[in-house]
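This is what each chain is made of:
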Amino acid sequence: MALMDRYTAQLAELDIARMFGNDFFLTWDKTDDELAALFTVADALRTLRENNLSSRIFDSGLGISLFRDNSTRTRFSFASACNLLGLEVQDLDEGKSQIAHGETVRETANMISFMADVIGIRDDMYIGKGHTYQKAVSDAVRQGYADGVLEQVPTLVNLQCDIDHPTQCCADLLHVIHEFGGAQNLRGKKIAMTWAYSPSYGKPLSVPQGVIGLFSRFGMEVVLAHPEGYDIFPEVEELAARQAAASGGSFRRVDSMDEAFAGADIVYPKSWAPFAAMEKRTELYGNGDTAGIQALEKELLAQNADHTDWECTEERMASTKNGSALYLHCLPADISGVSCERGEVAASVFDRYRTPLYKQASYKPYIIAAMIFLAKVKDPVRMLELLERKGRVRQMG
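Residues numbered from 1 in each chain as written. Predicted model: local features only at pLDDT ≥ 70, side-chain atom pairs only at ≥ 80, totals over all residues. Heavy atoms only, no water.

Peer 1: Could you give an account of the nonpolar core, naming the residues involved and the relevant values?
Peer 2: Ranked by internal contacts, the top residues of the largest apolar core, which has 132 residues, are Phe39, Tyr327 and Phe373. Once residues within four sequence positions are removed from consideration, phenylalanine 373 is found in contact with Val41, Leu45, Ile57, Leu85, Pro380, Met383, Leu384 and Leu387. (Core = buried A, V, L, I, M, F, W, Y, C linked by side-chain atoms within 4.5 Å. Buried < 20%, exposed > 50% of the residue type's maximum accessible area, 1.4 Å probe, protein only. Contact = heavy atoms within 4.5 Å.)

So, in C-alpha cells, the structure goes:
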C-alpha cells in the first residue's frame, strides 16, 4: 500500500469542495466532512515529514503573520506550517508600519498581500474586535482581487480571536483522537473544560469557547465548570448545547471543579477572564484608557485570588475515570510551586503529563498547514498522491 492511500481514500469520501478558496475563521463554520478532512490532511502531512518527504506545494509566496497578543506555540506553528508547504513568513509589526499614521484596514490588507498566499492573525483580547477585524481583512483582500489589485486571494487563518481559537482546539482534538484510537471512540467520553486559578493577567475566552464549540460535535459529554461570575459568551454555550444534542452527546455547566472532574476521561483546567470584564476591557480600549485597563487587570487578579482552590491537583485527578484522565492544556500553564506560588495545576500533575502535553502542541503546525492546504489545493487527493509520487527527499543524508 502506498504511503498516502489511507488518507486519500478517506478524503475521497468527503464533501469538501467548499474549502477551496475559503478562509478558516471558526470551527463551527465548518461541516463535519470539512473537519474530518482537516484532521486527515494534517495526519497525511505529518506522515510525509516522518518519512522525510517534501510536502511543498508552493514554489514561492509569503505567509503574513500578525500577532496582536504574545505567542510562542502559535507563532512558531504558523511559521512551521508555512515553511512545510513552501512559503516564507513575514511578520507584520504594526509598530513599524504606517497603521499608526492612519493607514486603513483595507489599505494595509492590500499592501501586505501582493504575493501573499495566507494571512494568519491573532487578535484575541477585546470582545467584538478580533473576529470583526479578521473578517475586515478578508473582505479587503477579496475586494482587492476583484479590483485587479491582487493576482490571487490570500487565505485568512484565525490564529486566535475573541470568539474561538481554532488552530489550538483542532490540534487538541486531533491529539485526543489519536490518544483514544479514532474519532468514533470519543462518543460518550466526558471532557471537563474547567476554569482554574491563575495569578497572571485576565486571559482570553477563546480557548474554553473553542473547546466546547468543537468537542460538543463528537457525541461527548461536555462539562463546562467555573466559579460564579466567570461566564463565557452565552451564544457559544447555546451553540455547544445544540451541537451536543445533535451529535448524541450532552452539554452542561456546573460551578464545581470537583463535579466536573468526577469520572472525566479528559480534563482541561485553564484560566480565563469573566465575559463581563472582557466587555469592560473592550470599552476601555475603545476609549484609549490605558490606566483603566491596568486597573481592571488588578481587579481581575484580585477576583481570581478568591478562587485559589480551583487547581488541578493529584486528588482531583484521582477522581477521574480510573484515576487516569488525559490532561490537556494549551500552554503555558501556571504551575504551582514552579512558575508561581499557586496556579492552575500541581507540579506533580504537570510533570507526569509533560510528554503528552508536548505531543498535544506538536499537532498545531500540521493543523495550520492542513487549513492552508485545503484552502489552496483544489484536488487534495491528487496533490497528496503527487507529493508521494515525486518522492522528493526533504533532507539529504
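Peer 1: Got a sec to walk through the packing of aromatic side chains? Specific residues and values, please.
Peer 2: The full count for this structure, using the stated rule, is 5 aromatic pairs. Ring centres of tryptophan 195 and tyrosine 230 lie 4.5 Å apart, and the angle between their planes is 50°; on these two criteria the pair is classed as tilted. In this pair, tryptophan 195 sits in the loop between β5 (190-194) and α7 (206-215) while tyrosine 230 sits in the loop between β6 (221-225) and α8 (234-247), placing the two residues 35 residues apart along the sequence. Of the two residues examined, tryptophan 195 and tyrosine 230, each falls in the buried class. On the numbers, 5.8 Å between centres and 55° between planes, the contact of tyrosine 327 with tyrosine 353 is tilted. Taken together, the residues tyrosine 327 in strand β9 (residues 326-327) and tyrosine 353 in the loop between α13 (347-352) and α14 (354-362) connect sequence positions 26 residues apart. For tyrosine 327, a relative accessible area of 0% gives the class buried. Within the aromatic cluster, the residues linked to one another by ring pairs are Trp195, Tyr230 and Trp310. Lying over the aromatic face of tyrosine 363, arginine 46 brings its terminal NZ or CZ to 4.7 Å of the ring centre. Cation over ring: arginine 68 sits above tyrosine 133, and NZ or CZ is 3.9 Å from the ring centre. (Phe/Tyr/Trp six-rings, centres within 6.5 Å; stacked < 30°, edge-to-face > 60°. Helix = DSSP H or I, 4+ residues; strand = E, 2+ residues; numbered from the N terminus. Lys NZ or Arg CZ within 6 Å of the ring centre and 35° of its normal.)

Peer 1: For the pattern of salt bridges, give the residues involved together with the corresponding values.
Peer 2: Tallied over the full model, the rule gives 18 salt bridges. Between arginine 46 and glutamate 50 there is a salt bridge; the shortest N-O distance is 3.7 Å. Of this pair, arginine 46 and glutamate 50 both sit in helix α2 (residues 32-50), 4 residues apart, which is roughly one turn of the helix. One network of salt bridges, with partners in common, ties together Glu221, Arg252 and Glu259. (Salt bridge = Lys/Arg side-chain N within 4 Å of Asp/Glu carboxyl O.)

Peer 1: Residue-level account of the side chain of asparagine 158, with values.
Peer 2: Along the polypeptide, asparagine 158 turns up in strand β4 (residues 155-161). What makes asparagine 158 buried here is its relative accessible area of 0%. Here the side chain of asparagine 158 touches cysteine 161 through a polar contact of 3.2 Å, landing on its backbone nitrogen. With residues up to four places along the chain from it excluded, the contact list for asparagine 158 reads Phe24, Phe25, Leu26, Ile121, Gln134, Asp164, Pro166 and Thr167. (Polar contact = N/O pair within 3.5 Å; in protein donor to acceptor, adjacent residues only side chain to side chain.)

Geometry only, nothing functional implied.
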